[in-house]
There are 2 protein chains.
Amino acid sequence: MNKEILDNLLKDIGENRFNHTLRVVKESKKLAKIHNIDMDKAITSALLHDCAKFEDKNKLLNMAYDFDIMRNNIMKLNNHLIHAPLGAILAEYKYNVLDKDILNAIKYHTTGRRNMSQLEKLTYIADYIEPARKFNGIEKVRQLAYLDLDKSTLLAMDESLIFLINNDRIISKDTFEAREQLIINIYFKEEMNE
Amino acid sequence: MNKEILDNLLKDIGENRFNHTLRVVKESKKLAKIHNIDMDKAITSALLHDCAKFEDKNKLLNMAYDFDIMRNNIMKLNNHLIHAPLGAILAEYKYNVLDKDILNAIKYHTTGRRNMSQLEKLTYIADYIEPARKFNGIEKVRQLAYLDLDKSTLLAMDESLIFLINNDRIISKDTFEAREQLIINIYFKEEMNE
């Protein structure tokens, strides 16, 4: 991995978040191998997925306004979601990533979206299951991650949704649409084609 | 209440569902009084809210196709949702209800929707809390129903969503949008107006 990128990341996101990133890279490599997904893309997506999660929260908010990410209610009410779309912008303009699939894996790593690519699901799941995570029900998500990316992603989203609901937090429309499509893919594909 | 309507209902939806309907009428009267909502509209909405929940499921499905209700994925995958929009159609054409607010209270009594009227929330909640219901967390929804229709509706939706998520069922877009708006109304109204 490029030393300049690593130095920049460490400076922007701080040591804890940087160490999390390295764990996501490791998890992504494992998943890329199992699911036969492009290894270089998996590593780059993981490395940059949190590149906009600045330790300095004012910097995050100012950049979000500058790059016109604060358009909808959910970004205003849930600042936690800003870093993913902002990260995709930084990946492109600061880190010179050109590959659309990598940029989308970064952009949607927190919410997911309808029609996620395999790389997008991989980054979403690697971030969710890296070894230091301790979410409710995470062991089942981990087990599924090595068998079936769709089922693992659905379960991770369901756990996230229950957390959001129990805390009166707004749910992203992207997550809502991602979940609907995953359920159809997993359980009803044949029926929907009738 | 009109005897012809009661006879028709009993014939279409059967004794159990008919008795549920009478309990929802009673609950709706109570809520209408507390929240100062039009009593006649509350009674008519409650009386007809399940008028399309035919005991004969083939009849329900055939009518849903006839009236073009089966357009989207969610209706195909969750037949339970059909009776509400179909009920609004029957209320208009079989029971000659002209009032749009009543028709919407029937149409959205299962899912809710963005910008629900007070009558829509009342019918949604009366159906949810009538005395024979035994959902998870229902006592809190009942207590809130007599104090604050928005908060009660949000909590009922949250409980419904958790049930759907735990059972791998698709969530209606209307419920998703209703919940988002209720949260903004309850918690963030001032912030959103800034």
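Residues numbered from 1 in each chain as written. Chains lettered and ligands numbered in written order. Predicted model: local features only at pLDDT ≥ 70, side-chain atom pairs only at ≥ 80, totals over all residues. Heavy atoms only, no water.

A. View of the interface of chain B and chain A. Counting residues at the interface gives 25 residues for chain B and 25 residues for chain A. Summed over both partners, the interface of chain B with chain A buries about 2,300 Å², with 68% contributed by carbon and sulfur atoms. By the criterion of area lost to chain A, the three top residues of chain B are B:I165, B:D168 and B:F176, representing 26% of everything that side buries. The interface formed by chain B and chain A contains zero salt bridges. Of all the secondary-structure elements, those providing two or more residues to the side of chain B that touches chain A are α4 (73–77), α9 (149–166) and α10 (173–193) of chain B. Among the elements that make up the side of chain B that touches chain A, the one with the highest residue count is α10(B) (10 residues). (Contact = heavy atoms within 4.5 Å. Buried area = accessible area lost by both parts, 1.4 Å probe. Salt bridge = Lys/Arg side-chain N within 4 Å of Asp/Glu carboxyl O. Helix = DSSP H or I, 4+ residues; strand = E, 2+ residues; numbered from the N terminus.)

B. Representation of empty space enclosed by the protein within the structure. If you walk through the whole model with that rule in mind, you get two cavities of 30 Å³ or more. Taken as a whole, the largest cavity holds about 70 Å³ of empty space. Looking at which element gives the most residues to the lining of the largest cavity, the answer is helix α10 (residues 173–192) of chain A, with three residues. Roughly 40 Å³ of internal volume is contained in the second largest cavity. Lining the second largest cavity are A:I170, A:I171, B:L161, B:F176, B:R179 and B:E180. Examining the composition of the lining of the second largest cavity, we find that three residues originate from one element, α10(B), more than from any other. For the lining of the second largest cavity, a count of residues per class yields four nonpolar, no polar and two charged. (1 Å grid on protein atoms, 1.4 Å probe; cavity = no way out; pocket = protein on both sides within 12 Å on 5 of 7 lines; lining within 4 Å. Points joined across faces, edges and corners; volume = space filled by probe spheres on them. Nonpolar A, V, L, I, M, F, W, Y, C, P; charged D, E, K, R; others polar.)

C. Region of interest: the relation of the copies chain B and chain A. When chain B is fitted onto chain A, the two copies agree to an RMSD of 0.0 Å after a turn of 180 degrees and an axial shift of 0.0 Å. What the rotation and shift describe, once combined, is the action of a two-fold rotation axis. Considering only C-alpha atoms, the residue of chain B closest to the rotation axis is B:I162, which sits at 3.2 Å. The fraction of interface residues of chain B whose copies in chain A are also interface residues reaches 100%, indicating that both copies meet through the same surface. (Least-squares fit on C-alpha atoms with pLDDT ≥ 70 in both.)

D. Helix α7 (residues 118–129) of chain A, seen in detail. Residues and elements named next belong to chain A. With 12 residues, α7 extends 16 Å from end C-alpha to end C-alpha; this agrees with the ideal 16 Å at 1.5 Å per step. Here α7 lies mainly inside the structure; 11 of its 12 residues are buried. Of the positions making up α7, those classed as buried are L119, E120, K121, L122, T123, Y124, I125, A126, D127, Y128 and I129. Of the surrounding elements, those touching the buried residues of α7 are α1 (3–35), α2 (39–48), α6 (100–107), α8 (138–145) and α9 (149–166). (Expected span 1.5 Å × (residues − 1). Buried < 20%, exposed > 50% of the residue type's maximum accessible area, 1.4 Å probe, protein only.)

E. Expanded view of the nonpolar core. One finds A:I82, A:L86, A:I125, B:I82, B:L86 and B:I125 to be the most contacted residues of the largest nonpolar core, which totals 118 residues. Beyond its immediate stretch of four places on either side in the chain, B:L86 contacts B:A52, B:F54, B:L60, B:M63, B:A64, B:F67 and B:I69. One finds A:I162, A:I171, B:L161 and B:F176 within the second-largest nonpolar core, a separate group that totals 12 residues. (Core = buried A, V, L, I, M, F, W, Y, C linked by side-chain atoms within 4.5 Å.)

F. Structural view of the pattern of salt bridges. Residue and element names in this part refer to chain B. Applying the stated criterion across every chain yields a total of 26 salt bridges over all chains. D99 is the salt-bridge partner of K41, the closest N and O atoms lying 3.0 Å from each other. Here the residue K41 occupies a position in helix α2 (residues 39–48), and D99 occupies one in the loop between α5 (83–93) and α6 (100–107), the gap between them amounting to 58 residues. By relative accessible area, which is 25% here, K41 ends up partly exposed.

G. Layout of the side chain of A:N78. Positionally, A:N78 belongs in the loop between α4 (73–77) and α5 (83–93). Those residues within four positions of A:N78 in sequence are excluded, and the remaining contacts are A:R169 and A:I170.

H. Geometry of the packing of helix α3 (residues 57–66) of chain B against α5(B). Residues and elements named next belong to chain B. Remark: α3 packs on α5, axes separated minimally by 10 Å, with the N-to-C direction vectors making an angle of 70 degrees. With respect to each other, α3 and α5 are oriented roughly perpendicular. Together, L60, M63 and A64 of α3 and H83, L86 and L90 of α5 make up the contact between the two elements. Residue classes in the contact of α3 with α5 are distributed as five nonpolar, one polar and no charged. (Axes fitted to C-alpha atoms, helices over the stretch in contact; angles between N-to-C directions. Parallel < 35°, antiparallel > 145°, perpendicular 65-115°, else oblique.)

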